[in-house]
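Summary of the model geometry
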Amino acid sequence: MKKRIGVLTGGGDCPGLNAVIRGVVKAAIIQHGWEVVGIEDGFDGLLTGRCRQLSIDDVRGILPRGGTILGTSNRGNPFARPVEKGGKIEYVDSSDEVVERIKSLGIGALVVIGGEGSLKIAVDLMNKGVPIVGVPKTIDNDLMETDVTFGYNTALETATDALDKLHSTAESHHRVMIMEVMGRYAGWIALESGIAGGADVILIPEIPFDIRKICLAIEKRRNNGSRFSIIVAAEGAFPAGGLRVVKNNADATHAIERLGGVGEFVAKELAANLDMDVRVMVLGHLQRGGSPSTFDRCLGSRFGVKAVELVDRNEFGTMVCLKGRDIGNVAIEKAIKQLKVVDPDCEMVKSAANLGIMLGR
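Residues numbered from 1 in each chain as written. Predicted model: local features only at pLDDT ≥ 70, side-chain atom pairs only at ≥ 80, totals over all residues. Heavy atoms only, no water.

So, on to the environment of Met-177. Relative to the helices and strands, Met-177 resides in strand E8 (residues 176-181). Look at Met-177 and you get buried, because its relative accessible area is 8%. Setting aside anything within four residues of it in sequence, one finds Met-177 in contact with Leu-166, Thr-169, Ala-170, Ser-229, Ile-230, Ile-231 and Arg-279. (Helix = DSSP H or I, 4+ residues; strand = E, 2+ residues; numbered from the N terminus. Buried < 20%, exposed > 50% of the residue type's maximum accessible area, 1.4 Å probe, protein only. Contact = heavy atoms within 4.5 Å.)

Now the structure itself:
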C-alpha cells in the first residue's frame, strides 16, 4: 500500500497557508508517490470525518490565494470538546476518537500547520502515539525557535500600507490617529509596522504605557510644528498599573480571551487631556487576509517541503523552522514552551527610540 499522510490547518487563518498545503502535497506525491489526505476545519475534521484526498490538481493555482482551502478553526480542541448537556456546556475528552479516526483513515503521519495552541494539541496527540510533524503558523510571529513564521510578513505589509494612507488624512485634519493592530501578547506587528510606517508613538504589550507621557510627547510635537500624530497600538498593549482591554473572556464560545479595544481606551484618555481631535482605526482581520507576499509564499512552500522530508525520515515530534536563511527543525515541545515576545531593551526598540518614536514610557 502507498504511504498516506494527513495535513490540517488549525487556529486563525493567515496568508501562506495554501502555500504550505501545496508544498506538502506536491513534495509527497512527486518525490515519494504518497497519498495526502486533507483534513477540513482543523482538528474538527478528525472528529466529524470531514476529510478528502488531495491531488496535484487540487492544489493547482492556490499559491497566491489567501486563507486555506481546507478551512480552519481555533475552537476544535479534541481534548476539551464543548458538548451541551442538560442546557449546560461541558468539556469532554474526545481525543481517543481522533486517534481512532486517524488509524481508520490509514494515515501514517500527520502534518499540523498551526500556532501555539494547535501545536500544543499536536504534542498531546503525539503522546497518544500519533506521528506528527509541525509547521509554525501565526501572523503574530510569537513562536519560539523560528526566526519568522509565515503570514507575518504579509500582515506587516498590510499594516504598513494602512499607516501610509493614514498619514495624509491625519495631516489634513490635524488629528491624532490611532491604529490598533493584532499580535495578541507580542508587539512585533506594531513595532515593525510602526517603524516602517513612520509612526510617532508605538504601544506594545511588553512596555506598559503611561498616558501622561504620551500626551506630553504629542504636545511636544505640536509645539514643534507637527499638528498631527500617528499612534500604532498593539491589541495586547495596556497601561502601567492597569489591565489589558478584552472584548470577551475565555468561555465556551471563545477558547481564549479575545483582545481588542485598546485603541478606543487610549483615544478617550487622549481626548480628555488634549485639545485635539482623536480618531481610531482597528485594522482587524484585514491583517489575516489577502494574497501572501513573495516572502510568505516562498517560506510556506519551503516549510511544506521540509515537513514531508521530516516525515520521510521519521523525525516526528518536530517542527520545521527558519534559522537565518536555512530551514531546519526543532522539537515541538521546545518551540511552545513560552511565547517569543519583544525584549523591551532590544536593538529594534532602541532604534525606534533613536528615531524619535515614543514607546509609551
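As a further point, take the pairing of strand E14 (residues 318-323). Across the 6 residues of E14, 5 count as buried, placing the element largely inside the fold. Here strand E7 (residues 132-136) pairs with E14 via 2 bridges, running parallel. Each bridged residue has a counterpart across the sheet, and for Gly-134 the counterpart in E14 is Met-319. The pairing of E14 with strand E15 (residues 326-331) spans 6 bridges and is classified as antiparallel. The residue bridging Cys-321 from the neighbouring strand is Gly-328, located in E15. (Pairing = 2+ DSSP bridges.)

Helix length check: helix H7 (residues 211-223) (13 residues) gives 18 Å between terminal C-alpha atoms against 18 Å at 1.5 Å per residue, within 8%. The set of residues buried in H7 consists of Ile-211, Ile-214, Cys-215 and Ile-218. The arc that holds every buried residue of H7, seen down its axis, measures 100 degrees, which confines them to one face. Structural note: H7 exposes Arg-212, Lys-220 and Asn-223 on the side pointing more than 90 degrees away from its buried face. Among the structural elements, E8, strand E9 (201-203), strand E10 (229-234) and helix H8 (262-273) are those in contact with the buried residues of H7. The opening residue of H7, the one whose side-chain oxygen lies 2.9 Å from the backbone nitrogen of Arg-212, is Asp-210. (Expected span 1.5 Å × (residues − 1). Arc of directions from axis to C-beta. Polar contact = N/O pair within 3.5 Å; in protein donor to acceptor, adjacent residues only side chain to side chain.)

The next subject is the packing of helix H1 (residues 17-32) against helix H9 (residues 294-312). Contact geometry for H1 and H9: axes closest at 7 Å, N-to-C directions at 45 degrees. Between H1 and H9, the crossing angle belongs to the class labelled oblique. In this structure, the crossing between H1 and H9 has a hand that is right-handed. Taken together, the residues of H9 that come into contact with H1 (itself represented by Ala-19, Val-20, Arg-22, Gly-23, Val-24, Ala-27, Ala-28 and His-32) are Asp-296, Arg-297, Gly-300, Ser-301, Gly-304, Val-305, Val-308 and Asp-312. (Axes fitted to C-alpha atoms, helices over the stretch in contact; angles between N-to-C directions. Parallel < 35°, antiparallel > 145°, perpendicular 65-115°, else oblique. Left-handed = near helix turned anticlockwise from the far one by under 90°.)

Looking now at the nonpolar core. If you look at the biggest cluster of nonpolar residues, it comprises 66 residues, and the most contacted ones within it are Ile-113, Val-135 and Phe-150. With 8 residues, the top contributor of residues to this core is helix H5 (residues 152-173). Those residues in contact with Val-135 that sit more than four places away from it in its chain are Val-20, Val-111, Val-112, Ile-113, Gly-114, Leu-119, Phe-150, Phe-303, Ala-307, Met-319 and Val-320. Grouped together as the second largest cluster of nonpolar side chains are 26 residues, Ile-107, Leu-119, Met-319 and Val-330 included. (Core = buried A, V, L, I, M, F, W, Y, C linked by side-chain atoms within 4.5 Å.)

The next thing to look at is the side chain of Asp-140. Along the polypeptide, Asp-140 turns up in the loop between E7 and H5. Despite being buried, Asp-140 has no salt bridge partner; Arg-288 is the closest side chain of opposite charge, sitting 5.1 Å away. Excluding residues within four positions of it along the chain, Asp-140 makes contact with Met-182, Gly-183, Arg-184, Ala-186, Trp-188 and Ile-189. (Lys, Arg positive; Asp, Glu negative; His and termini not counted. Salt bridge = Lys/Arg side-chain N within 4 Å of Asp/Glu carboxyl O.)

Here 4 strands make up an open sheet; going across it, the order is E9-E10-E8-E13 and the pairing parallel. A single partner strand is all that each edge strand has here, and the edge strands are E9 and strand E13 (278-282). Neighbour-to-neighbour, the strand axes of the sheet open up by a mean angle of 15 degrees, direction not taken into account. Pairing analysis gives 5 bridges linking E8 to E13, with the strands arranged parallel. Paired with Val-176 across the strands is Val-278, a residue of E13. Sheet strands in contact with helix H6 (residues 188-196) are E8, E9 and E10, and its direction is about 170 degrees off that of E9. On top of the sheet, H8 reaches E8, E9, E10 and E13; it is set at about 160 degrees to E8, its chief contact.

On to the environment of Asn-224. With respect to the element layout, Asn-224 can be found in the loop between H7 and E10. With 142 residues separating them in the primary sequence, Asn-224 and Pro-82 have C-alpha atoms 57 Å apart.

Phi is positive for Asp-41, close to 60 degrees, though the residue is something other than glycine. Assignment of secondary structure puts Asp-41 in the loop between strand E2 (35-39) and helix H2 (44-48). A positive phi is found at Glu-145, a non-glycine position, where the angle reads about 75 degrees. Secondary-structure assignment places Glu-145 in the loop between E7 and H5.

So, on to the packing of H5 against H6. Following both chains from N to C, one finds H5 and H6 inclined at 45 degrees, their axes separated by 9 Å at the closest point. Overall, the two elements H5 and H6 adopt an arrangement that is oblique. In the packing of H5 onto H6, the handedness of the crossing is right-handed. For the pair H5 and H6, contact is made by Tyr-152, Ala-155, Leu-156, Ala-159, Thr-160 and Leu-163 and by Trp-188, Ile-189, Glu-192, Ser-193, Gly-194 and Ala-196, respectively.

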